[in-house]
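# Geometric and topological summary
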Amino acid sequence: MIFQESETVELKAFVVENIKKEIIAFANCEGGKLYVGVQDDGTVLGLDNPDEVSLQISNMVRDSIKPDLTMFLHYETLTVDGKKIVAVDVQQGTERPYYIAKKGMRPEGVYVRQGYSSVPATNTAIRCMIKETDGDRFEEMRSLEQNLTFEIAKKTFAKRNVAFGAAQMKTLGLVTQDGVYTNLGLLLSDQCVHTIKAAVFQGTNQNEFKDRKEFTGSLFQQMDEVYDFIDFRNQTHSTFEKLYRIDRRDYPETAVREALLNLLVHREYSFRASSFISLYTDRLEFTSIGGLVNGVTLKDITMGISVCRNVKLANIFYRLELIEAYGTGLVKIMDAYEGTGMMPRIETSNNAFKIILPNLNAITESAKPKQIGLEKDIPEKKVIALTKEQGFITRKEVEMLLDMGQSSCGRLLKKMVENGLLIQGGKGKNTRYRLP
């Protein structure tokens, strides 16, 4: 029998520590054979106790390599030229990448076969192996980072009186049955690599920064800190109606909450780019990575139809009562602006999703009420007086009030809406006008 090293054959005179690298490399590639008791040049030295060598290798594989690789190894004692050697047949594993437990799922712990040598795998190769064996669903893929802690997550679950032990972590999908953390576990861990960047601008464009901050850590930590960041800047303005003061915040709290939760739950986490929150004087924008899920249109989601990108993450937020049900968030955002005369906007592209909340207290020059009192403003005064008395007014009532034709009345009402004197609601015959 002639022995020669190749891409699928490795020769070792005796058991050494780095024999683990050879086994891992074979399991991560096309498999191969390891012969112990044979020198690199093919000379057979033999072993005094082949059974002990097989047991030594078996223990090393069981204790030092993850995931469990034992079922993919077959040991056999061969007699060559009157000397005994051990042949270890290593099959390609089904849970690649395999790695040295102490080093983790990083290049220094993952090896592949390259020519006659076993070399560290690149990060790209590691991700490819994960994708091949775990599938395309990001949440269920094994995390490259395995040294994770969950202090914030434990506090969040405890606050909601929801159990968060080892069994629950497996049930929820944070950990595989073999004890390996998934990407879902990474998202909720204190070591989460995904961030949210927030910026406050002076004015309605990005020419001048007032403040900026990047939020890191567990998604739960980012959720709380980002909400506080916005809430601190969500000012309250007061107006008076007769003797009663009416307080109104720049942005409805429900709309801010739902837009933030949408940003966290539905973004595409397979991209490392940060999500963005931009606060201008007239609007608040939430921009998340990842457009609409294939097959879903913008009209679908505004109707409450939802196809969830991160099902397991959404399930956790649902269990913690942070969200009620899929598809209700955007409807709640729209409802929060009902009766204000303003409406949130949604913009999408292939790679991004943006929710734009208008500032209810922002008054642009074109929207400022015109001074009433001049002779030419008398029709407007009559319309406003009747609207105040009735609560709302219709075009037909204005025609009768002013003895005005349909076209002239339409132009007047349009002008009053543009000048901020009236707010239009409804469509067609159901159109109503009321005071802002």
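Quick caveat, the model's predicted, so the values are computed rather than measured. (Residues numbered from 1 in each chain as written. Predicted model: local features only at pLDDT ≥ 70, side-chain atom pairs only at ≥ 80, totals over all residues. Heavy atoms only, no water.)

## Some points on the packing of aromatic side chains
Applying the stated criterion across every chain, the model contains 11 aromatic pairs. Aromatic pair F215 and F229: ring centres 5.5 Å apart, planes at 75 degrees, arrangement edge-to-face. One end of the pair, F215, is in strand 10 (residues 209–215); the other, F229, is in helix 7 (residues 219–233), with 14 residues separating them in the sequence. Each member of the pair, F215 as well as F229, carries the same accessibility label: buried. (Phe/Tyr/Trp six-rings, centres within 6.5 Å; stacked < 30°, edge-to-face > 60°. Helix = DSSP H or I, 4+ residues; strand = E, 2+ residues; numbered from the N terminus. Buried < 20%, exposed > 50% of the residue type's maximum accessible area, 1.4 Å probe, protein only.)

## Some words on the pairing of strand 15 (residues 345–348)
Two elements, strand 15 and strand 16 (residues 352–358), share 4 bridges in a ladder whose sense is antiparallel. From the neighbouring strand, T348 faces strand 16, where its bridge partner is F353. Between strand 15 and strand 16, which pair antiparallel one after the other, the connecting turn spans 3 residues. (Pairing = 2+ DSSP bridges.)

## Side note on the side chain of E22
Within the secondary structure layout, E22 lies in helix 1 (residues 19–28). Apart from residues lying up to four places away in sequence, E22 is in contact with E10, K12, R113 and S118. (Contact = heavy atoms within 4.5 Å.)

## A look at the side chain of N359
On the secondary structure map, N359 appears in the loop between strand 16 and helix 12 (378–390). Among the polar contacts listed, one links the side chain of N359 to the backbone oxygen of T281, at a separation of 3.0 Å. Residues contacting N359, with those up to four places away along its chain left out, are D250, Y251, T281, D282, R283 and M342. (Polar contact = N/O pair within 3.5 Å; in protein donor to acceptor, adjacent residues only side chain to side chain.)

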